[in-house]
Amino acid sequence: MEYKVGYKFTTKRRTITDTDIILFAGLTGDLHPAHLDDIYAKNSIFGKRVAHGFLILSILQGLLAQHKIIEDIIALLGINNVKFKSPVFVGDTIWSECEIIDSRESKSKSGNLIVTIHCLGKKQDNSMVLEYDVVELMKS
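The present account deals with the structure reproduced in this document. Bear in mind the structure is a predicted one, so any value in this text is a computation, not a measurement. (Residues numbered from 1 in each chain as written. Predicted model: local features only at pLDDT ≥ 70, side-chain atom pairs only at ≥ 80, totals over all residues. Heavy atoms only, no water.)

As a further point, take the overall build of the protein chain. A count of helical and extended segments in the protein chain gives four helices and six strands. Ordered by position in the sequence, the α and β elements of the protein chain form the string β-β-α-α-α-α-β-β-β-β. Along the first, second and third principal axes, the C-alpha atoms of the protein chain reach 55 × 30 × 20 Å. For the protein chain, the proportion of its 140 residues judged to be buried stands at 41%. Summarising the internal contacts of the protein chain: among those between residues at least 6 apart in sequence, 68% fall at separations of at least 24. Here the protein chain has roughly 7700 Å² of accessible surface; of this, 54% comes from carbon and sulfur atoms. (Helix = DSSP H or I, 4+ residues; strand = E, 2+ residues; numbered from the N terminus. Buried < 20%, exposed > 50% of the residue type's maximum accessible area, 1.4 Å probe, protein only. Contact = heavy atoms within 4.5 Å. Areas by Shrake-Rupley, 256 points an atom, 1.4 Å probe, with all protein chains shown as cover.)

Residue position: serine 96 is located in strand β4 (residues 93–105). With sequence-adjacent residues up to four places away left out, serine 96 is seen in contact with Phe9, Thr10, Thr11, Leu60, Cys119, Leu120, Gly121 and Tyr132.

Here we take up a nonpolar patch on the surface. Together, Phe54, Leu76, Ile79, Val82 and Phe84 give the surface a local cluster of nonpolar side chains, amounting to about 450 Å² of exposed area. Sort the elements by how many residues they give to the nonpolar patch and strand β3 (residues 73–84) lands first, with four residues. (Patch = residues over 30% accessible without salt bridge, like charges linked within 9 Å, V, L, I, M, F, W, Y side chains within 5 Å. Salt bridge = Lys/Arg side-chain N within 4 Å of Asp/Glu carboxyl O.)

Here we come to the nonpolar core. Grouped together as the largest cluster of nonpolar side chains are 28 residues, with contacts concentrated most on Ile16, Ile56, Ile69 and Ile117. Taken together, the elements giving at least two residues each to this core come down to α1 (18–28), α4 (53–65), β4, β5 (112–123) and β6 (128–139). Per-element accounting of this core gives the leading share, seven residues, to α4. Leaving out residues up to four positions away in the same chain, isoleucine 16 has contacts with Ile21, Ala51, Ile56, Ile59, Val88, Phe89, Val90, Gly91, Asp92 and Ile94. (Core = buried A, V, L, I, M, F, W, Y, C linked by side-chain atoms within 4.5 Å.)

Spelled out as structure tokens, the structure:
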């Protein structure tokens, strides 16, 4: 596959569950009551429990990894310019709309490419929940 600037694609979708939030809290130790306590969350700015931002970033990265682009990924080099745009709740369905914004020959890993993919994470009402750039070392 060629990784040309301007190539666009959309990932699969995934619905966020209560189990996702509970497991992520346990794995990371982020036990903030905004994620786990219904009474606390009801009085928060969100009005109900909200998914962890890094959970959403992780799931969106997982959805990216399920795209055919994954076949040529050698290594993740970075995640840049992360912006959390709006909350994600239990029952929301998320996905990413992605575009290759940079593709260049690697100087240190001859014969490979460094590809930057700009991702817009969205949910079912088409609102943006997350925006970021992922940099990958790819087979050329």
